[in-house]
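Each chain is listed here by its residues.
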Amino acid sequence: MSEVMGHHDSYTDDFLRGVLQSVRSVAVVGFSASPVKASYFVAKYLRDKGYTVYPVNPGIAGQEVLGLTVHASLKDLPQPPDLVDVFRNAQAAAGITDEAIAVGAKVVWMQLGVRNDEAAARAEAAGLTVVMNRCPKIEYQRLFGEIGRIGVNSDVLVTKKQKLTRTFKKLI
């Protein structure tokens, strides 16, 4: 997965698909207990897709949200996560990346709008894969056929003609 080492302006679909298929556990750093926050529904989505999800937020550590215990930091997790999803700003991403290296994560994934090239260089030098300015939920949906005409695969709108499921008698 070193295809893009040092270059983070674009990623191939094969690279991103490979990252998402190679990980089984995700630490969501900057997790929020509010269901209207992106970190909440990304964590929920990834959990529902079969990933082991570890919410990380020191402000709500110890609470249970989505049936998951929230942890204070990466070092408090029961095992090293495969992927660390950073829902913090670019400056905070530096320290989170260093923690990810220290705990033995394989991937640092910085969310949309988050880019820290210095942190990425440190992670890659330590053997981690880095993705920046992307959302794993959006990429999963896009790469595995869940994005449809209305943004998600709702099975409501389709492009091929469907068989009628009801018949209507002629009104007299």
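Preceding this section is the structure that the text describes.
Here's what I pulled together on the structure shown here. (Residues numbered from 1 in each chain as written. Predicted model: local features only at pLDDT ≥ 70, side-chain atom pairs only at ≥ 80, totals over all residues. Heavy atoms only, no water.)

Section: the overall build of the chain
No. 1: Counting its secondary structure elements, the chain contains 5 helices and 7 strands.
No. 2: Going residue by residue from the N terminus, the α and β elements of the chain occur as α-β-α-β-β-β-β-α-β-α-β-α.
No. 3: Relative to its 172 residues, the chain shows a buried fraction of 43%.
No. 4: Relative to all contacts within the chain whose residues are 6 or more apart in sequence, the contacts with residues 24 or more apart total 56%.
No. 5: Roughly 9,800 Å² of accessible area belongs to the chain as shown, and the carbon and sulfur atoms make up 52% of that amount. (Helix = DSSP H or I, 4+ residues; strand = E, 2+ residues; numbered from the N terminus. Buried < 20%, exposed > 50% of the residue type's maximum accessible area, 1.4 Å probe, protein only. Contact = heavy atoms within 4.5 Å. Areas by Shrake-Rupley, 256 points an atom, 1.4 Å probe, with all protein chains shown as cover.)

Details of the sheet that holds strand β2 (residues 52-56)
No. 1: The strand order across the open sheet built from 5 strands is β2-β1-β5-β6-β7, with neighbouring strands paired in parallel fashion. The sheet is open, and its two edges are formed by β2 and β7 (129-131), each paired on a single side. For this sheet, the mean angle separating the axes of adjacent strands, direction not counted, is 15°.
No. 2: As judged from the 4 bridges shared by strand β5 (residues 83-86) and strand β6 (residues 107-110), these two strands associate in the parallel manner. Within the sheet, the bridge partner assigned to V86 lies in β6 and is M110. (Pairing = 2+ DSSP bridges. Axes fitted to C-alpha atoms, helices over the stretch in contact; angles between N-to-C directions.)

Describing the pairing of strand β1 (residues 25-29)
No. 1: β1 sits mainly inside the fold: 5 of its 5 residues count as buried.
No. 2: Of the two faces of β1, both are covered, the one formed by S25, A27 and V29 as well as the one formed by V26 and V28.
No. 3: The sheet contact formed by β1 and β2 spans 5 bridges and is parallel. Each bridged residue has a counterpart across the sheet, and for S25 the counterpart in β2 is T52.

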